[in-house]
Amino acid sequence: MTQHDRFGDGDPDRVDELVARAAREHYNPAPESPRDEMWAVIQAARAEHASRADSSIVPISRFRPRQWWIGIAAALVIGVAIGRSTLFESGPRAPQVTDPGSAAIAEHSGPAAEESADARRALPYRLAAADHLTRSEAFLTMFRADSRQEQLDEEIGTWARSLLTRTRLLLDSPAARDPQMSRLLEDLELVLVQIVQLRGEDPEGLQFVDEGMDRRQLMFRLRAASAAAPVTAGI
Amino acid sequence: MRAGTRRPDEDRKTGNHVDDTELLARIRAGDRAAERALYDAHVDRVYRLACRMTGDPALAQDLTQDAFIRAFQKLDSFRGESSLSTWLHTVTTSVVLNGLRKVKRFHRSEADLDEARRVAHQERRAEPDLKQRLTAAIDGLPTGYRTVFVMHDVEGYTHEEIARSLGVATGTSKAQLSRARARLRAELAEFAEEWVA
């Protein structure tokens with residue numbers, strides 16, 4: 001096609017056709033559509049929607065991550081609230097009992113009852129942790145896919161920082177009394193710190209994060225924790 | 001029909017047509033393979049439009065995903081007043097085009113249009129590169145003109161499809177296309193004169 005062919009002879013219809021042809025060739029041409037990747041996300045979002053029949057749809061979408069944080073924050077707030085109310089409902093503890101008879105009963109019910117109360121108090125936190133791990137897994141999956149395509153979202157640091165804050169809250173919560181959960185949260189914290197500290201699309205930094213995730217088998221452990229969440233949480 | 005663009009009617013001619021009625025019945029019966037077949041039949045066209053409109057494949061991917069999530073969610077409301085293909089494209093393109101308005105990066109690129117126009121006007125003599133000039137000229141169109149131009153002249157949508165997707169009259173779509181073309185002719189004619197000379 002010569003330059004003259006492109007825009008040349010002044011006939012408006014001819015010019016329109018040439019402009020359209022050039023636009024089809026040059027204006028934001030689409031790469032091959034990532035069908036399978038999109039399908040996986042669509043299915044995940046639909047499954048999530050189906051499991052929350054009473055709430056409005058929350059599509060998994062990389063440019064609307066704030067909905068995630070709202071969910072996590074809500075889960076933590078509810079967790080804290082339930083935990084506190086459970087604490088108050090459990091009433092005075094053994095050291096505060098002055099009546100010798102009651103003290104004897106409290107002593108008799110002893111460690112098992114205390115353990116059970118502790119487990120009850122920790123339940124909301126474990127639920128919040130399970131939710132957090134699921135979302136962290138989704139975030140890291142997205143991060144990995146993007147970093148391999150060298151197309152990191154500019155908001156990635158912000159999202160990682162939000163997840164990091166929640167991870168640290170959970171590390172200080174009763175959810176972290178479970179040693180396995182504690183180790184997982186600590187490893188997640190390390191990886192999130194590395195992502196927060198990334199400067200642009202630094203290939204060495206990305207590789208460092210990637211290797212760290214592999215070394216700690218983080219994705220595998222997150223998936224396992226997510227899969228086991230209902231059992232772990234006692235549901 | 002534009003090169004590189006496929007419509008459902010073309011798919012029929014090439015043997016890729018998926019029987020909508022049968023598909024719908026299977027989907028409503030919970031057949032996942034049927035859902036996937038419906039998705040496969042239409043996803044490329046939706047994704048391509050999203051790419052053209054955003055210039056950002058990752059963002060186009062997000063928009064396409066949202067579009068199909070909404071479409072599957074609304075499938076129960078399909079009453080058969082049009083073909084399933086037409087209905088699906090109306091829903092998905094509406095979601096894509098509405099989504100564009102909500103995305104920060106898109107707004108930012110709109111805010112940069114002044115810069116694009118400056119490039120188009122001031123630097124064209126220094127670097128008469130067709131791709132850059134064309135991109136700047138199309139980006140410089142008002143949003144409505146650009147949308148109709150891209151959908152019709154670049155991606156091969158009919159005015160009826162555009163009107164349904166945008167919720168406007170067919171006449172509005174035609175008028176906007178006509179104005180878009182006139183603007184592009186004016187923008188690019190200067191280059192043509194230079195190049196021809």
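The residue numbering used here restarts from 1 in each chain and proceeds along that chain's sequence as written. Lettering for chains starts from A, numbering for ligands starts from 1, and both go in the order in which the items are written. For a predicted model such as this one, the threshold for reporting local features is a pLDDT of at least 70, and the threshold for listing and counting side-chain atom pairs is 80 or more; totals across whole chains, interfaces and linings nevertheless cover every residue.

K.L.:
How should I be thinking about the overall build of chain B in this particular structure?
P.N.:
Put simply, DSSP H or I for four residues or longer makes a helix, DSSP E for two residues or longer makes a strand, and each gets a number counted from the N terminus. Scanning chain B from N- to C-terminus turns up 11 helices and zero strands. Along chain B, helices and strands appear, N-terminal first, in the series α-α-α-α-α-α-α-α-α-α-α. We call a residue exposed when 12 or fewer other C-beta atoms sit within 10 Å of its C-beta, buried when the count reaches 20 or more, and partly exposed for counts in between; the C-beta positions come from the backbone. Burial analysis of chain B (197 residues in total) assigns 41% to the buried set.

K.L.:
Which parts of the structure should I look at to understand the overall build of chain A?
P.N.:
Scanning chain A for helices and strands turns up nine helices and zero strands. Reading chain A from its N end, one meets helices and strands in the order α-α-α-α-α-α-α-α-α. Across the 235 residues in chain A, those meeting the buried criterion constitute 28%. Placing a C-beta atom from the backbone of each residue, one calls two residues in contact when those atoms lie within 7 Å. Sequence separation of 24 or more characterises 68% of the internal contacts of chain A that already satisfy a separation of 6 or more.

K.L.:
Could you clarify how one ought to interpret the environment of A:Asp146 in this entry?
P.N.:
All names here are of chain A. Within the secondary structure layout, Asp146 lies in helix 5 (residues 100–148). The exposure class of Asp146 is partly exposed, given the 17 C-beta atoms found within 10 Å. A C-alpha to C-alpha distance of 10.0 Å links Asp146 and Ile156, two positions 10 residues apart in sequence. For Asp146, the contacting residues outside a window of four places in its chain are Gln151, Leu152 and Asp153.

K.L.:
Explain the nonpolar core here, please?
P.N.:
Taken as a class, soluble globular proteins show a tendency for nonpolar side chains to be buried jointly. Nonpolar core, as used here: buried Ala, Val, Leu, Ile, Met, Phe, Trp, Tyr and Cys residues forming one set through C-beta atoms within 7 Å. Grouped together as the largest cluster of nonpolar side chains are 52 residues, with contacts concentrated most on A:Val19, A:Ala23, B:Ala50, B:Val96 and B:Phe149. When neighbours within four sequence positions are excluded, A:Ala23 is seen to be in contact with B:Leu134, B:Ile138, B:Asp153 and B:Val154. Judged by nonpolar contacts, the second largest core, of 30 residues, contains A:Trp159, A:Leu170, A:Leu206 and A:Val209.

K.L.:
Sorry, what's going on with the packing of helix 2 (residues 12–26) of chain A against helix 8 (residues 130–139) of chain B here?
P.N.:
The axes of two packed helices give the description: the angle between them and the distance between them. At a minimum axis separation of 10 Å, helix 2 of chain A and helix 8 of chain B run at an interaxial angle of 100°. Our classification of the angle between helix 2 of chain A and helix 8 of chain B gives roughly perpendicular. Within the contact between the two elements, helix 2 of chain A uses A:Ala22, A:Ala23 and A:His26 and helix 8 of chain B uses B:Leu130, B:Lys131, B:Leu134, B:Thr135 and B:Ile138. Following the grouping adopted for this structure description, the nonpolar residues are Ala, Val, Leu, Ile, Met, Phe, Trp, Tyr, Cys and Pro, the charged ones are Asp, Glu, Lys and Arg, and the polar ones are all others, Gly among them. When grouped by side-chain class, the residues that make up the contact of helix 2 of chain A with helix 8 of chain B number five nonpolar, two polar and one charged. Lines fitted to the C-alpha atoms define the axes, with helices restricted to the stretch that makes contact. Angles between their N-to-C directions range from 0 to 180 degrees. Small angles under 35 degrees read as roughly parallel and large ones over 145 as roughly antiparallel, with 65 to 115 read as roughly perpendicular and the rest as oblique.

K.L.:
Which parts of the structure should I look at to understand the packing of helix 9 (residues 143–154) of chain B against helix 10 (residues 159–166) of chain B?
P.N.:
Residues and elements named next belong to chain B. Their axes nearest at 10 Å, the elements helix 9 and helix 10 cross at an angle of 140°. Judged by the angle between their axes, helix 9 and helix 10 are oblique. As for how helix 9 packs across helix 10, the hand of that crossing is right-handed. Note on element contacts: helix 10 touches helix 9 through His159, Ile162 and Leu166, opposite Thr147, Val148, Met151 and His152. Classifying every residue of the contact of helix 9 with helix 10 gives four nonpolar, three polar and no charged. By definition, any crossing whose near helix is turned counterclockwise from its far helix by less than a right angle is left-handed, and any crossing with a clockwise turn is right-handed.

K.L.:
Just checking my understanding: could you explain the confidence of the model for chain A for this structure?
P.N.:
Detailed reading of the predicted coordinates is not advisable wherever pLDDT is low. All names here are of chain A. Think of pLDDT as the predictor's per-residue confidence, scored from 0 to 100. The pLDDT averaged across chain A works out to 70; a share of 62% of its residues lies at or above 70. Confidence over residues 1–6 falls short of pLDDT 50; this stretch has eight contacts with residues more than four positions distant or in other chains. Overall, residues 82–108 carries pLDDT values under 50, and its contacts beyond four positions in sequence, including any with other chains, amount to 15 contacts.

K.L.:
Sorry if this is basic, but what is going on with unusual backbone geometry here?
P.N.:
Note: most peptide bonds trans; most residues except glycine with negative phi. Positioned with a positive phi, A:Asn28 is a non-glycine residue whose angle comes to about 45°. One can find A:Asn28 in the loop between helix 2 and helix 3 (35–51).

K.L.:
Looking at this model, I keep getting lost on the environment of A:Met38. Mind explaining?
P.N.:
One can find A:Met38 in helix 3. If we ignore the near neighbours within four places in the chain, the residues touching A:Met38 are B:Val43, B:Gln61, B:Thr64 and B:Gln65.

K.L.:
Would you take a moment to explain the confidence of the model for chain B for this structure?
P.N.:
Residues and elements named next belong to chain B. Mean pLDDT for chain B: 76, with 72% of residues reaching 70 or above. Across chain B, the element-wise mean pLDDT spans from 41 in helix 1 (residues 8–13) up to 94 in helix 9. Low pLDDT, under 50, characterises residues 1–17; the predicted model gives this stretch 16 contacts beyond four residues in sequence or across chains. This stretch, residues 104–111, has a pLDDT under 50; its non-local contacts, to residues over four places away or in other chains, come to four contacts. Reported for the predicted complex are a pTM of 0.51 and an ipTM of 0.77.

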